[in-house]
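Chain and residue survey
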Amino acid sequence: MARQPLFDDLEIGEIALQLDDQEPEDVIAWALETFDEDRIAIVTALQADGMVILDMAYRMKPNIRVMTVDTGRLPQATYDFYEQVRERYPEARFEVLFPDYREVEEMVRRHGINLFYKSVPMRLLCCHVRKVRPLIRALNQLDAWFTGLRRDQWASRAAIRKVEIDHDHDGVIKINPLADWTKEDVWAYIEEFDVPKHPLYAEGYTSIGCAPCTRPIQPGEDDRAGRWWWETNAPKECGIHCPIETGGFEHEMEAIV
Ligand code: SF4
């Protein structure tokens, strides 16, 4: 069903102002009351921030939709953790989004299976095919989605609002309940409510993505430094949360997708 815009930019700006000093639970409650339960979902890679939102939302609406993308290159620990999370929140409606196998096959035929190590544009192409495209297909079926973004995670996230129109994804409403939380707030909540923790945090990971593109950080490094660690002067983003220059590989993306 096509999306009917519920708010324009001015209206969503006013709502964002009203919600900006509200607690995450208040932001989540507003969203759950505003949008049809089949047209709103948590999109999460099961990292700490997303788990906090899942835990909060589950207390208000146990049958919340929960989407996660399986790129095909995730660590085994993530698959194991996914099963643990499903058991902890049995009434939630979990959905795994997969890339289009034809797009993956064409990308691999052209550039190899480990193309992400060759250049930043190649890495972005892989993220686009394996991660962003499946998400876009899912977002097209929604009016709103929750993310675990926080302003202190990375420079590209410093100006996010708690509610915004996601013009990069056809106007779907993007809800960032933890926008003004710190990492310490997140972990305090997790400990207080005994929220399941991805096991790789105990091994020094601070941001967890695909196995070949994620490693534990070194002392003093930024929390997202373990993502695509070989890249310099590139955004620690896959393209889901902000448009990224692809260095001339737009024609590759167009040809493949
Ligand atoms: Fe591909 Fe790495 Fe992006 Fe995963 S994180 S989609 S393996 S480039």
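Residues numbered from 1 in each chain as written. Predicted model: local features only at pLDDT ≥ 70, side-chain atom pairs only at ≥ 80, totals over all residues.

The protein goes by Adenosine 5'-phosphosulfate reductase in an unreviewed UniProt entry, where it is assigned to Rhodothermus marinus. The annotation that UniProt attaches to the protein under Catalytic activity (unreviewed entry) is "[thioredoxin]-disulfide + sulfite + AMP + 2 H(+) = adenosine 5'-phosphosulfate + [thioredoxin]-dithiol". Entered under Pathway (unreviewed entry) in the UniProt record, the comment concerning the protein runs "Sulfur metabolism; hydrogen sulfide biosynthesis; sulfite from sulfate." (UniProt positions renumbered as here; feature names shortened; annotations may be inferred.)

Helix and strand content of the protein: 8 helices and 6 strands. Walking the protein from its N terminus toward its C terminus, one meets helices and strands in the order α-α-β-α-β-α-β-α-α-β-β-β-α-α. Taking 2.2 N^0.38 as the reference for a compact globule, 257 residues should give roughly 18 Å; the C-alpha atoms of the protein span a radius of gyration of 18 Å, in line with that estimate. Reported as C-alpha extents along the three principal axes, the dimensions of the protein are approximately 45 × 40 × 35 Å. Here the protein holds 257 residues, and the buried ones make up 37% of them. Pairs at least 24 apart in sequence give 73% of the contacts found in the protein among residues at least 6 apart. (Helix = DSSP H or I, 4+ residues; strand = E, 2+ residues; numbered from the N terminus. Rg over C-alpha atoms; globule rule 2.2 N^0.38 Å. Buried ≥ 20, exposed ≤ 12 C-beta atoms within 10 Å, placed from the backbone. Contact = placed C-beta atoms within 7 Å.)

Let's shift gears to the sheet that holds strand E5 (residues 163-166). Read from one edge to the other, the open sheet built from 6 strands follows the order E3-E2-E1-E4-E6-E5, with strand pairing classed as mixed. Lying at the two open borders of the sheet, with one neighbouring strand each, are strand E3 (93-97) and E5. Ignoring which end each strand starts from, the neighbouring axes of this sheet average 30° apart. Alignment of strand E1 (residues 40-43) against strand E4 (residues 144-146), held across 3 bridges, turns out to be parallel. Paired with Ile42 across the bridge in E4 is Phe146. Sheet contacts for helix H1 (residues 9-19): E5 and strand E6 (172-175); angle to E5, the most-contacted strand, approximately 150°. (Pairing = 2+ DSSP bridges. Axes fitted to C-alpha atoms, helices over the stretch in contact; angles between N-to-C directions.)

What surrounds the ligand is a group of 13 residues, the closest being Phe116, Cys126, Cys127, Cys210 and Cys213. Looking at the shell around the ligand residue by residue, the class counts come to 7 nonpolar, 2 polar and 4 charged. (Near = placed C-beta within 6 Å. Nonpolar A, V, L, I, M, F, W, Y, C, P; charged D, E, K, R; others polar.)

Here the focus is the confidence of the model for the protein. Across the protein, the average pLDDT comes to 90, with 91% of residues at 70 or higher. Reported confidences for the modelled complex are a pTM of 0.90 and an ipTM of 0.99. (pLDDT = per-residue confidence, 0-100.)

Ala41, Ile42, Ile53, Ala144, Trp145 and Ile175 are the most contacted members of the largest nonpolar core, which totals 60 residues. Leave out the neighbours within four places in its chain, and Ile175 touches Val27, Ala31, Ala144, Trp145, Phe146, Lys162 and Val163. (Core = buried A, V, L, I, M, F, W, Y, C linked by C-beta atoms within 7 Å.)

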